[in-house]
Amino acid sequence: MQKILVTGGLGYIGSHTVVGLIEAGFDVVILDNLSNADKTTLDRIAQITHHTPIFFEGDIRDTELLSKICLKHPDIKAVIHFAGLKAVGESVAHPLKYYDNNVVGSIRLIEAMQKHHIKNIIFSSSATVYAPQKEAALREDDSKTPSNPYGQTKWMIENILKDQYGSDPTWRISVLRYFNPVGAHGSGLIGENPKGIPNNLFPYIAQTASGIRQKLNVFGGDYPTADGTAMRDYIHIDDLVKGHIAALKYSSDHKGYHAFNLGTGKGTSVLEAIKVFEKTNEVKIPYEVTARREGDIATCFANADLAYKVLGWKATKNLEDMCRDHWRWQQHLNQCRSH
């Protein structure tokens, strides 16, 4: 049984990936500083999988802790690296915080991996590394000019990993650029539960439908799209998890540096997402179109052909699945609040 270290393993994407790894027969060690996660997620993972992963509370910039984990678990074969700050607007307001946490943290992690001879990493990157395009699905070789500090940190880390591979070709590196993960685990026990005001669309939609928020702010109604609102490629969290496991299995047999898009290949506008959520879950979502948000772009969706060709992976779930599963999770949260 291969042991995998998952940084940020109690966060939204991390926790779902931990569940997927355990169900696929991997042994998991989690490192999370709980800045945007909750320790109770560990119990929920155990409830779903009937197994409690090893957990360390701490930061990827803590070199002593990283060494302690590697020494205590010398059989760690690979790292899936999620730990990072991820809000576009916040990164524009606090760029230094993002460069310190995301870039410096990743360097510390890669140094620890090198020191302890762990040369296999799956890195959680983002579609924000790409230059804005007009109505074209983004390919892995398209130009990279991130439009905000968050995207810059992801692109910097990609380059650091590429240079690391250049210095030592025995490394196995998979960079997964994903688009907009949404939805929740089918059990309704884990999902996205951001602290404070949500930065992502679906948690905001669900909180508005629940009455937690008065209305949804739609940032920008004057984009060059069919209805004037920004278009994104929303991908179900379950499909995303399968992409990570496919990359992990691929990297166990293939040395090298590889980058893959994980998306559906279809753009959905904000207003479209609201309408499908309302129809699928029979709820009403009051919204108001406001000014554009700094750092945002008009359209962003994937060409994921390479992931299918190389990893045998493609997204299978649709927008209705995403809306249904996200609402089930939100209802679970609402029940927890009322008790």
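If you're wondering where the values come from, they're calculated on a predicted model, not measured in any experiment.

Regarding the overall build of the protein chain
Across its full length, the protein chain carries 11 helices and 14 strands. Computed over C-alpha atoms, the radius of gyration of the protein chain comes to 19 Å, within 12% of the 20 Å expected from 2.2 N^0.38 for 339 residues, which places it in the range of a compact globule. Here the protein chain, with 339 residues, has 58% of them falling under the buried criterion. Summed over its atoms, the accessible surface of the protein chain is roughly 14,700 Å², and 50% of this surface lies on carbon and sulfur atoms. Taking the average location of the 38 positive side-chain charges in the protein chain and that of its 37 negative ones, the two points are 2 Å from each other.

Focus on the sheet that holds strand E4 (residues 76-81)
With parallel pairing, seven strands are arranged side by side in an open sheet as E3-E2-E1-E4-E5-E6-E11. Either end of the sheet is taken by a strand with one partner, and the two such strands are strand E3 (54-57) and strand E11 (256-262). The mean angle between the axes of side-by-side strands here comes to 15°, regardless of whether they run parallel or antiparallel. Two strands pair when backbone bridges link them, and strand E6 (residues 172-178) and E11 are joined in this way by seven bridges, in the parallel orientation. When the bridges of E11 are listed, Ser 174 appears paired with His 258. Those strands touched by helix H1 (residues 12-23) are strand E1 (3-7), strand E2 (27-32), E4 and E6, and its axis lies near 165° from that of E2.

Regarding the sheet that holds strand E9 (residues 231-232)
Paired through their backbone hydrogen bonds, the strands of a sheet run either parallel or antiparallel. Reading across from one edge, E12-E9-E14 is the order of the three strands in this open sheet, with mixed pairing throughout. Where the open sheet ends on each side, the last strands, each with one partner, are strand E12 (268-269) and strand E14 (299-300). As paired strands, E9 and E12 are joined by two bridges and run antiparallel to one another. Looking at E12, one finds that Met 231 is bridged to Ser 269.

A short note on unusual backbone geometry
Positive phi values are uncommon outside glycine, yet His 50 reaches one of about 60°. Along the chain, the position of His 50 falls in the loop between helix H2 (40-49) and E3. Owing to a relative accessible area of 73%, His 50 belongs among the exposed residues under this scheme. Even without a glycine there, the phi angle at His 117 is positive, about 60°. Here His 117 is to be found in the loop between helix H5 (95-115) and strand E5 (120-126). For His 117, a relative accessible area of 64% puts it in the exposed group.

Section: the packing of H1 against H2
One way to put it is that H1 packs onto H2 with a least axis distance of 10 Å and a crossing angle of 30°. By the angle class used here, H1 and H2 are roughly parallel. Seen from above, H1 lies across H2 with right-handed handedness. Side by side, H1 and H2 meet where Ser 15, Val 18, Val 19, Ile 22 and Glu 23 of the first sit next to Thr 41, Ile 45, Ile 48 and Thr 49 of the second.

Section: the side chain of Asp 27
Residue placement: Asp 27 occurs in strand E2. Lacking a salt bridge, the buried Asp 27 has Lys 3 as its closest oppositely charged neighbour, with an N-O distance of 4.2 Å. In contact with Asp 27, not counting residues within four places along its chain, are Met 1, Gln 2, Lys 3, Ile 4 and His 51.

Side note on the pattern of salt bridges
Inspection of the entire model under this criterion finds 17 salt bridges. Between Arg 328 and Asp 325 there is a salt bridge, and its shortest N-O distance comes to 2.7 Å. Placement of both Arg 328 and Asp 325 in helix H11 (residues 319-338) is noted, with a separation of three residues, approximately one turn of the helix. A cluster of three or more residues bridged by salt bridges with shared partners is formed by Asp 59, Arg 61 and Asp 100.

A short note on the packing of aromatic side chains
For the structure on display, the rule yields four aromatic pairs. Relative to Tyr 234, the ring of Phe 202 lies with its centre 5.4 Å away and its plane at 55°, an arrangement referred to as tilted. A residue pair is termed long-range when its members are at least 10 positions apart, and Phe 202 in helix H7 (residues 201-209) and Tyr 234 in strand E10 (residues 234-236) qualify at 32 residues. Judged by relative accessible area, Tyr 234 falls into the buried class, the value being 6%. Seen from their ring centres, Tyr 250 and Phe 260 are 6.4 Å apart, and the 90° between their planes marks the pair as edge-to-face. A residue pair is termed long-range when its members are at least 10 positions apart, and Tyr 250 in helix H8 (residues 237-251) and Phe 260 in strand E11 qualify at 10 residues. Overall, Tyr 250 belongs to the buried group, its relative accessible area being 16%. Overall, Phe 260 belongs to the buried group, its relative accessible area being 2%. Pairwise contacts between aromatic rings join Phe 202, Tyr 234, Phe 277 and Trp 327 into one cluster. The ring centre of Tyr 223 lies 4.1 Å from the NZ or CZ of Arg 292, which sits over that ring. Of note, Lys 314 hangs over the ring of Tyr 308, and the distance from its end group to the ring centre comes to 5.4 Å.

Rules and cut-offs
- The numbers attached to residues start from 1 for each chain and follow its sequence in the written order.
- In keeping with the model being predicted, local features are shown solely for residues with a pLDDT of at least 70 and side-chain atom pairs are shown and tallied solely at 80 or more, while totals for entire chains, interfaces and linings include all residues.
- Calculation of side-chain values draws on the structure's entire complement of heavy atoms; hydrogens and water are dropped beforehand.
- Here a helix means four or more residues in a row that DSSP labels H or I, a strand means two or more in a row labelled E, and each is numbered from the N terminus.
- The globule rule used here is 2.2 Å times the number of residues to the 0.38 power, and the radius of gyration it is set against is calculated over C-alpha atoms.
- Accessible area is worked out with a 1.4 Å probe on protein chains only. A residue is then buried under 20% of its type maximum, exposed over 50%, and partly exposed in between.
- Note on areas: Shrake-Rupley with a 1.4 Å probe; residue coverage comes only from the protein chains shown.
- Counted charges follow a simple rule, with Lys and Arg positive, Asp and Glu negative, and His plus the chain ends left uncounted.
- For charged residues, the charge sits on one atom: NZ in Lys, CZ in Arg, CG in Asp, CD in Glu.
- Note: two strands are recorded as paired if DSSP finds a minimum of 2 bridges between them.
- Every axis corresponds to a line fitted to the C-alpha atoms, with the helix fit spanning only the stretch in contact, and the corresponding angles, defined between N-to-C directions, vary from 0 to 180 degrees.
- Residues count as neighbours in contact if any of their non-hydrogen atoms are within 4.5 Å of one another.
- Note on terminology: angles under 35 degrees are roughly parallel, angles over 145 are roughly antiparallel, angles of 65 to 115 are roughly perpendicular, and the others are oblique.
- Handedness of a crossing is defined here by the sense of rotation of the near helix relative to the far one, left-handed for an anticlockwise turn of less than a right angle and right-handed for a clockwise turn.
- Each reported salt bridge corresponds to a side-chain nitrogen of Lys or Arg within 4 Å of a carboxyl oxygen of Asp or Glu.
- By convention, a stacked pair of Phe, Tyr or Trp rings (six-membered ring in the case of Trp) has centres within 6.5 Å and planes under 30 degrees apart, an edge-to-face pair has planes over 60 apart, and any other such pair is tilted.
- Placement of a positive charge over a ring is assigned whenever Lys NZ or Arg CZ falls within 6 Å of the ring centre and within 35 degrees of the normal to the ring plane.

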